[in-house]
Each structure stands twice: as structure tokens, then as C-alpha cells.
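Coordinates in review
This is what each chain is made of:
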Amino acid sequence: FRTEYDGDFDGVHLHLHVDLDGDEFIDVHDLHSTPTGDTLCSWNTTYIRLLEEPIPLPAGSRIVLRCHADLRQVVLGETQESKALARYVVEVEVGEVGAEKHVA
């Protein structure tokens, strides 16, 4: 994605999007972003700080976010034991295609 404004980058704000059956979704971003602001939503969003020291980015900066999910131990539909939790790895690069810099 590209930044809209100049600012300091130190992490990402994540919005849950769940595909329930191909037709029905839970989209927390949409639920929190209705034009009238009158949608009641108990789902929370998450901010993950990735950098100890923020990096300044001008408007229009390209940020590439990759999230790898390891679901090998997860059994869908069952309560998960601590040893069977999903594991995630987030990678972030900044820059134009072919000139990306790994930042997190």
C-alpha cells in the first residue's frame, strides 16, 4: 500500500476480516468505518508496533507487508491448547519495486 500523508512509520494497524462461508463476512474495518458512524461493533482492531525507532516516510511511500501464518498445529472448530496456536510472521519492506528496504 502507499502512504497518503507524510509521517513516521513504526507499525501496522490490523483489521480482522473473516470469510465465514464465501458469502458472509466479518469485516472489522467496514464495521468501524460506516459513513454515519452508527454501526455497533464489539470487534476490536490491533496495532502492532514493529520498530523501536520510527522511520519518517513521505506521502506516497510504498510499504509492502507480508504476513505468513503457520496453521499446522491448529484444529479448526476446536478450542486451541497453548501448544496448538497459530503462529504469525510479519515482514515489512519500504521502497519502490526492485529497491525495497527490509525494515521489520
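Report on the accompanying structure. (Residues numbered from 1 in each chain as written. Predicted model: local features only at pLDDT ≥ 70, side-chain atom pairs only at ≥ 80, totals over all residues. Heavy atoms only, no water.)

Right, let's get into the environment of F1. Its place among the elements puts F1 in the segment before β1 (7-9). On the accessibility criterion, F1 (56% relative accessible area) is exposed. In this structure the C-alpha to C-alpha distance between F1 and S61, which are 60 residues apart in sequence, comes to 8.2 Å. Those residues in contact with F1 that sit more than four places away from it in its chain are S61, R62 and I63. (Helix = DSSP H or I, 4+ residues; strand = E, 2+ residues; numbered from the N terminus. Buried < 20%, exposed > 50% of the residue type's maximum accessible area, 1.4 Å probe, protein only. Contact = heavy atoms within 4.5 Å.)

Further remarks concern the pattern of salt bridges. Taken as a whole and assessed by the stated rule, the structure comprises 5 salt bridges. Close ionic contact of R2 with E96 constitutes a salt bridge, the shortest N to O distance being 2.8 Å. Taken together, the positions of R2 in the segment before β1 and E96 in the loop between β8 (87-94) and β9 (101-102) put the pair 94 residues apart, joining distant regions of the chain. For the salt bridge of E100 with R62, the shortest nitrogen-to-oxygen distance reads 3.0 Å. Residue E100 is located in the loop between β8 and β9, and its partner R62 is located in the loop between β6 (55-57) and β7 (63-70); the two are separated by 38 residues in the primary sequence. (Salt bridge = Lys/Arg side-chain N within 4 Å of Asp/Glu carboxyl O.)

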